[in-house]
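# Remarks on the overall topology
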There are 2 protein chains.
Amino acid sequence: MVVSAPSGTGKTSICREFIKMYPNIEFSVSYTTRPPRPGEVHGKDYYFISEDAFKEQIAQGEFAEWVENYGYLYGTSRKTMSAFLKGTDLILDVEPRGAKTLKQNYLGGVFVFILPPSMDELKWRLSRRGVENEGIMKERLEAAMDEIGEIVWYDYVIFNDRLERAIDYLRAIYLAEKSRRDRLIGKIRNFLK
Amino acid sequence: MVVSAPSGTGKTSICREFIKMYPNIEFSVSYTTRPPRPGEVHGKDYYFISEDAFKEQIAQGEFAEWVENYGYLYGTSRKTMSAFLKGTDLILDVEPRGAKTLKQNYLGGVFVFILPPSMDELKWRLSRRGVENEGIMKERLEAAMDEIGEIVWYDYVIFNDRLERAIDYLRAIYLAEKSRRDRLIGKIRNFLK
């Protein structure tokens, strides 16, 4: 399950709360060259590595997807995806360009886009992270709109008007996908034995 | 949302409990020529009508689907389906042959098949309704297996091992389907305005 959202939409909180309910779901920890923010933990929030190390991993073909964002590199390791290929339920917090690469290369993924309840709310949330000037705010909004433009190929959309509601919907998508007949062929065959 | 299940799988209880949570969902009351069982209410469980009246409605093209089952007729009225076409969320308790007709004639439906947790449980549940003799039990099991054979074209499968769990899954399927991007095009367009 790949979850994308413009910056400040509450995606990280939603994913964190959701996996608390399902300890068997593995959270994909991305690699990044961005420095950690206060409180972020190496190996839990991200693997914080140097640009050289990141580029070495690219050269070795160790990323399932990677992108550059505001001068920093972000990527999902192939090792993480191999757990998915072996049947582990995996949740990934990946921005749309990276998500698209995953969609093209892995079958059976579920793509969820989280939107703030309104455009005004999006602007307000973007401004919360500190606005240095009008220009930067405009740039952030444009980046968010570029991301939202990718919504057209996502499977599901959640409007995050209330955190608990958004978590409930993410949980519903997970349970519904687990109930899709084409994912239950083995279990149905066992039943018929 | 069309829900089907072999006899005695708990389908009716699941649907009833589910719609209690969502009063805006309309429950489709079928027409039948079968006499009411103790406790069944005309207009709530079924519209109990005579065979002549049923055949008259068939002749008038008033049924969206109808089938014969053990000598009795069952059908869904076109009026009910017109609420669905106008955007009302509708839940229908329809057996597979009727469900297939609905799938062929109405776009956007979601088809859910409920299975008992095991074949032994199915046999036990079929026997609960009183077994007159071995032959009737065999006939019932064959009918159930015929219905289960239709599972191949359903969207979702719920194993009803515990009532609360089955209701939770039905609810999840409902919420997930409401979150499908292709069902939210109007809302996404409003967001972008």
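Residues numbered from 1 in each chain as written. Chains lettered and ligands numbered in written order. Predicted model: local features only at pLDDT ≥ 70, side-chain atom pairs only at ≥ 80, totals over all residues.

### Focus: the overall build of chain A
- In terms of helices and strands, chain A carries eight helices and nine strands.
- Its C-alpha radius of gyration of 18 Å places chain A within 12% of the 16 Å reference for a compact globule of 193 residues.
- In chain A, the proportion of contacts linking residues at least 24 apart, taken out of those at least 6 apart, comes to 63%. (Helix = DSSP H or I, 4+ residues; strand = E, 2+ residues; numbered from the N terminus. Rg over C-alpha atoms; globule rule 2.2 N^0.38 Å. Contact = placed C-beta atoms within 7 Å.)

### Considerations on unusual backbone geometry
All names here are of chain A.
- If you check the backbone angles, Tyr70 has positive phi at about 50° while not being a glycine.
- Examined against the element boundaries, Tyr70 turns out to sit in the loop between β5 (63-69) and β6 (72-77).
- For Tyr70, a count of 10 C-beta atoms within 10 Å puts it in the exposed group. (Buried ≥ 20, exposed ≤ 12 C-beta atoms within 10 Å, placed from the backbone.)

### What to know about the interface of chain B and chain A
- Taken together, the contact pairs 20 residues of chain B with 20 residues of chain A.
- Within the residue set of the side of chain B that touches chain A, elements represented by two or more residues are β9 (156-159), α7 (163-178) and α8 (185-192) of chain B.
- Ranked by residue count, the leading element in the side of chain B that touches chain A is α7(B), at five residues.
- Here the residues of the side of chain B that touches chain A are counted per class, giving 15 nonpolar, two polar and three charged. (Nonpolar A, V, L, I, M, F, W, Y, C, P; charged D, E, K, R; others polar.)

### Focus on the packing of helix α1 (residues 11-21) of chain A against helix α7 (residues 163-178) of chain A
Residue and element names in this part refer to chain A.
- Close contact between α1 and α7 brings their axes to 9 Å; oriented N to C, the two are set at 55°. One finds that α1 runs oblique with respect to α7. As for the relative orientation of α1 and α7, their crossing is right-handed in sense. Contact with α1, carried on its side by Ser13, Ile14, Glu17, Phe18 and Met21, involves Leu163, Ala166, Ile167, Leu170 and Arg171 of α7 and no other residues of that element. (Axes fitted to C-alpha atoms, helices over the stretch in contact; angles between N-to-C directions. Parallel < 35°, antiparallel > 145°, perpendicular 65-115°, else oblique. Left-handed = near helix turned anticlockwise from the far one by under 90°.)

### Some thoughts on the pairing of β6(A)
Residue and element names in this part refer to chain A.
- Relative to β6, strand β3 (residues 30-32) runs antiparallel, the two sharing two bridges. Paired with Thr32 across the bridge in β6 is Tyr74.
- Alignment of β5 against β6, held across six bridges, turns out to be antiparallel. Considered in β6, the bridge of Glu68 is made with Leu73. (Pairing = 2+ DSSP bridges.)

### Some words on the domain arrangement of chain A
Residues and elements named next belong to chain A.
- Along its sequence, chain A is organised into domain 1 (1-25 + 89-193) and domain 2 (29-88).
- Measuring from the centre of the C-alpha atoms in domain 1 to the corresponding centre in domain 2 gives 18 Å.
- The interface of domain 1 with domain 2 comprises eleven residues on the first partner and twelve residues on the second.
- Among the elements of the structure, β7 (90-93) and α4 (96-105) are those that each provide at least two residues to the side of domain 1 that touches domain 2.
- No other element matches α4, which puts five residues into the side of domain 1 that touches domain 2.
- In the side of domain 1 that touches domain 2, the residues fall into five nonpolar, three polar and three charged. (Domains from an automatic or database assignment.)

### As for the relation of the copies chain B and chain A
- Aligned on chain A, chain B shows an RMSD of 0.0 Å; the corresponding rotation is 180° and the shift along the axis is 0.0 Å. Both copies of the chain, as the preceding transformation shows, are related through a two-fold rotation axis. Nearest to the rotation axis, the C-alpha of Ala172(B) is located 2.0 Å from it, this being the minimum over chain B.
- Most of the interface of chain B is mirrored in chain A, where 100% of its interface residues are also at the interface. (Least-squares fit on C-alpha atoms with pLDDT ≥ 70 in both.)

### Some words on the environment of Gly149(B)
- Turning to its location among the elements, Gly149(B) is positioned in the loop between α6 (134-148) and β9.
- Looking at Gly149(B), the number of C-beta atoms within 10 Å reads 10, which means it is exposed.

### A few points about the sheet that holds strand β1 (residues 2-4) of chain B
All names here are of chain B.
- Overall, parallel pairing links the five strands, which are arranged β2-β7-β1-β8-β9 in an open sheet. The open sheet is flanked by β2 (26-27) and β9, the only strands paired with a single partner.
- Note: β1 against strand β7 (residues 90-93), two bridges, orientation parallel. Looking across to β7, one finds that Val3 is bridged to Asp93.
- Taken strand by strand, α7 contacts β8 (111-115) and β9, and its axis lies near 160° from that of β9.

### Considering the packing of α7(A) against α7(B)
- Their axes nearest at 8 Å, the elements α7(A) and α7(B) cross at an angle of 110°. Looking at the two axes, α7(A) sits roughly perpendicular to α7(B). On the side of α7(A), the interface is formed by Tyr169(A), Ala172(A), Ile173(A), Leu175(A) and Ala176(A), while α7(B) contributes Tyr169(B), Ala172(B), Ile173(B), Leu175(B) and Ala176(B).
- Taken together, the residues that form the contact of α7(A) with α7(B) break down as ten nonpolar, no polar and no charged.

### Some details on the pairing of strand β9 (residues 156-159) of chain A
Residues and elements named next belong to chain A.
- Here β9 shows two buried faces, one formed by Tyr156 and Ile158 and the other by Val157 and Phe159.
- Of the strand pairs in this sheet, strand β8 (residues 111-115) and β9 are connected by four bridges, and their pairing is parallel. In the sheet register, Ile114 faces β9, and the bridge partner there is Ile158.

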